[in-house]
Amino acid sequence: MEAHAHEWLNLLLRWIHFIVGIAWIGASFYFNWLENNLDREPPQDEGIDGNLWAVHGGGFYYLKKFTTGPERLPSSLHWFKWEAYTTWLSGVALLVLIYYFNARAWLIDPSVRDLEPWQGIATGIASLVVSWFVYDGLCRVSRERPGLLTAMVFGWFALLAFILTQLLSGRAAYIHVGAAIGTVMVANVFFVIIPAQRELVSALKERRPTDPGHGRNGLLRSRHNNYFTLPVLFTMISSHFPSTYGNSLNWLVLVLLALVSIAVRHYFNVRHLGNRLAWILPAAFLAMVGLMWLTAPRPAGQGGILVSDAEASAIVTTHCAGCHAAKPTFPGFITAPKGIELDTMDKIRIHRVAINQVTVLTKTMPLGNLTGMLDEERTTLGHWVQTQENAQ
């Protein structure tokens, strides 16, 4: 019953995280698009910075952006903040439920660093807290030099990726880098962007000039959040791709994927200025091809040695079938992960390529290597898969 409750709590939190994340990112993308597509050509109404006509859902919309603010605030003013807060809260809840409650399986990999659970958890929490203070400090010191600031912020998260991949499992390292960036994003909203908007509203109510510094700082943090979005989205789905987090250069793979994501985001931010940056998308595609080559499996010495089905079955039964079975025996699992069952030889054959990927090439399974799979056993499985492929 405990495993069943855990699974449904996981489902509920993921669903909430997914829904509110779409709301937050969707609003961010929409307002960024809106800002880039406002008609700012004269003549404009006095006090209007730009306007835009749109058609959607069977109706026409006409939007205006004020240069400073309206003469009188409307009775109903919509704020965009709870989407960000709820996304972060649900994400942290998922982090605790999945990675901290079962740290031995998901958070720690003895082949990387044999930490105690509390050490892994402390490392994960510290990565979130320290990232905010480092980022905020860099913004305060270098806000007037945006190019240098961008380089230093990116450098910090690249360093964080390297550090975490030396301490945690590759899968956990990736998700914590994403969680650290997400923490910075929501802290930007809570500590900088919303206070800047409150100052704007208060100034209008009190009929006094606004402090332009608040607006500039809020705009800077909002722009950073815009570029952070795609790297965070990748880390959210990265657990499905062991060839990334399971690579021996997993930190570099993550850094390069982040660069590609930021470049694509930049193109969509500036495409309204013309086609002079249209080269970004094909360059990003070529970069992804290069990453595919970088992460391609390079098996060594798996040919020429015959391994029987019985040997392969014994290894899979010992190290994999506890979770991947019609009726899993490993605590916390009530169904086979991803529906992959390996409790018969026919099923093992069907999934041999996936077995080879996660146990031999990337060594990301078994989870946390809790069953103690030896390198010799991984090599034997690799030989068996090669035997099967040669027999086809």
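K.L.:
Explain the nonpolar core to me, using residue names and the numbers behind them.
P.N.:
Tyr99, Leu107, Phe157 and Phe228 are the most contacted members of the largest nonpolar core, which totals 57 residues. Put simply, the parts of the chain that give this core at least two residues each are helix H1 (2-37), helix H2 (82-100), helix H3 (103-106), helix H4 (117-142), helix H5 (146-165), helix H6 (170-205), helix H7 (212-237) and helix H9 (250-270). Per element, the largest residue contribution to this core is 14 residues, and it comes from H6. If we ignore the near neighbours within four places in the chain, the residues touching Leu107 are Tyr99, Tyr100, Asn102, Pro117, Gly120, Ile121, Leu168, Ser169, Ala172 and His176. Val307, Val316, Ile348 and Leu381 belong to the second-largest nonpolar core, a separate cluster that totals 14 residues.

K.L.:
Tell me about the environment of Tyr227, and please be specific about residues and values.
P.N.:
Its place among the elements puts Tyr227 in helix H7. For the pair Tyr227 and Phe191, spaced 36 residues apart in sequence, the C-alpha to C-alpha distance is 18 Å. With residues up to four places along the chain from it excluded, the contact list for Tyr227 reads Ile262, Arg265, His266 and Asn269.

K.L.:
Before we move on, could you go through the side chain of Asn226 and cite the residues and values that matter?
P.N.:
Of note, Asn226 is situated in helix H7. The exposure class assigned to Asn226 is buried, which follows from its relative accessible area of 4%. In this structure the side chain of Asn226 is engaged in a polar contact, spanning 2.7 Å, whose partner is the side chain of Asn269. Those residues within four positions of Asn226 in sequence are excluded, and the remaining contacts are Ser28, Asn32, Arg265 and Asn269.

K.L.:
Could you give me a rundown of the packing of aromatic side chains, with the residues and numbers involved?
P.N.:
A full pass over the atoms with the stated rule returns 17 aromatic pairs. Arranged with centres 5.9 Å apart and planes meeting at 80°, the rings of Phe157 and Phe228 form a pair that is edge-to-face. You can see Phe157 sitting in helix H5 and its partner Phe228 sitting in helix H7, a full 71 residues away along the chain. Here the two residues Phe157 and Phe228 agree in accessibility, since each one is buried. Chaining the aromatic ring pairs together yields one cluster made of Trp82, Tyr85, Trp132, Tyr135, Phe157, Phe190, Phe191 and Phe228. When the ring centre of Trp79 is taken as reference, the NZ or CZ atom of Lys81 above it lies at 5.6 Å. The ring of Trp79 carries the charged tip of Arg198 above its face, separated from the ring centre by 5.2 Å.

K.L.:
Give a detailed account of the pattern of salt bridges, specifying residues and quantitative values.
P.N.:
On inspection of all chains with the given rule, the structure shows 16 salt bridges. With a shortest N-O distance of 2.4 Å, Asp309 and Arg349 are connected by a salt bridge. Here Asp309 is found in helix H11 (residues 309-319), whereas its partner Arg349 is found in helix H12 (residues 345-350), with 40 residues between them in sequence. For Asp309, a relative accessible area of 25% translates into the label partly exposed.

K.L.:
How would you summarise H5 if you had to cite specific residues and measurements?
P.N.:
Because each turn of an α-helix spans 3.6 residues, side chains separated by three or four positions end up pointing in the same direction. Taking 1.5 Å of rise per residue, the 20 residues of H5 would be expected to cover 28 Å, and the 29 Å separating its terminal C-alpha atoms lies within 8% of that figure. For H5, the set of buried residues is Leu149, Val153, Trp156, Phe157, Ala158, Leu160, Ala161, Leu164 and Thr165. Turning to H5, the residues buried within the fold contact H4, H6, H7 and H9.

K.L.:
Could you give an account of the packing of H5 against H6, with specific residues and numbers?
P.N.:
Between H5 and H6, the least distance of the axes is 9 Å, while the angle of their chain directions is 145°. In the crossing of H5 with H6, the sense of the turn from one axis to the other is right-handed. Along the contact surface, H5 presents Phe157, Leu160, Ala161, Leu164 and Thr165, while H6 presents Ala173, His176, Val177, Ala180, Ile181 and Val184.

Calculation rules
Residues take numbers from 1 onward in each chain, read along the sequence in its written order. Since the coordinates come from a predicted model, pLDDT governs what is reported: local features require at least 70, and pairs of side-chain atoms require 80 or more to be given and counted, while whole-chain, interface and lining totals use all residues. Heavy atoms from the whole structure form the basis of all side-chain values; hydrogens and water molecules are not counted. Put simply, buried Ala, Val, Leu, Ile, Met, Phe, Trp, Tyr and Cys residues joined by side-chain atoms within 4.5 Å make one nonpolar core. For every residue, the accessible area (1.4 Å probe, protein chains only) is compared with the maximum for its type, and the residue is labelled buried under 20%, exposed over 50%, or partly exposed between those bounds. Note on conventions: DSSP H or I runs of at least 4 residues are helices, E runs of at least 2 residues are strands, and numbering of each starts at the N terminus. When checking whether two residues touch, look at their non-hydrogen atoms; a contact exists if any pair is within 4.5 Å. Throughout this description, a polar contact denotes any pair of N or O atoms lying within 3.5 Å of each other; where both atoms belong to protein, one of them has to be capable of donating a hydrogen while the other can accept it, and for residues adjacent in sequence the pair is counted only when both atoms sit in side chains. Centre distance within 6.5 Å is the pairing criterion for rings of Phe, Tyr and Trp, where only the six-membered ring of Trp is used; planes under 30 degrees apart are then read as stacked, over 60 as edge-to-face, and the remainder as tilted. The rule for a charge over a ring is simple: NZ of Lys or CZ of Arg within 6 Å of the ring centre, and within 35 degrees of the ring normal. A pairing counts as a salt bridge when a side-chain nitrogen of Lys or Arg comes within 4 Å of a carboxyl oxygen of Asp or Glu. Multiplying 1.5 Å by the helix residue count minus one yields the expected span of that helix. Angles here are taken between N-to-C directions and fall from 0 to 180 degrees, while the axes themselves are lines fitted to C-alpha atoms, restricted in helices to the stretch in contact. Crossings are assigned a handedness: left-handed for a near helix turned anticlockwise from the far helix by less than a right angle, right-handed for a clockwise turn.

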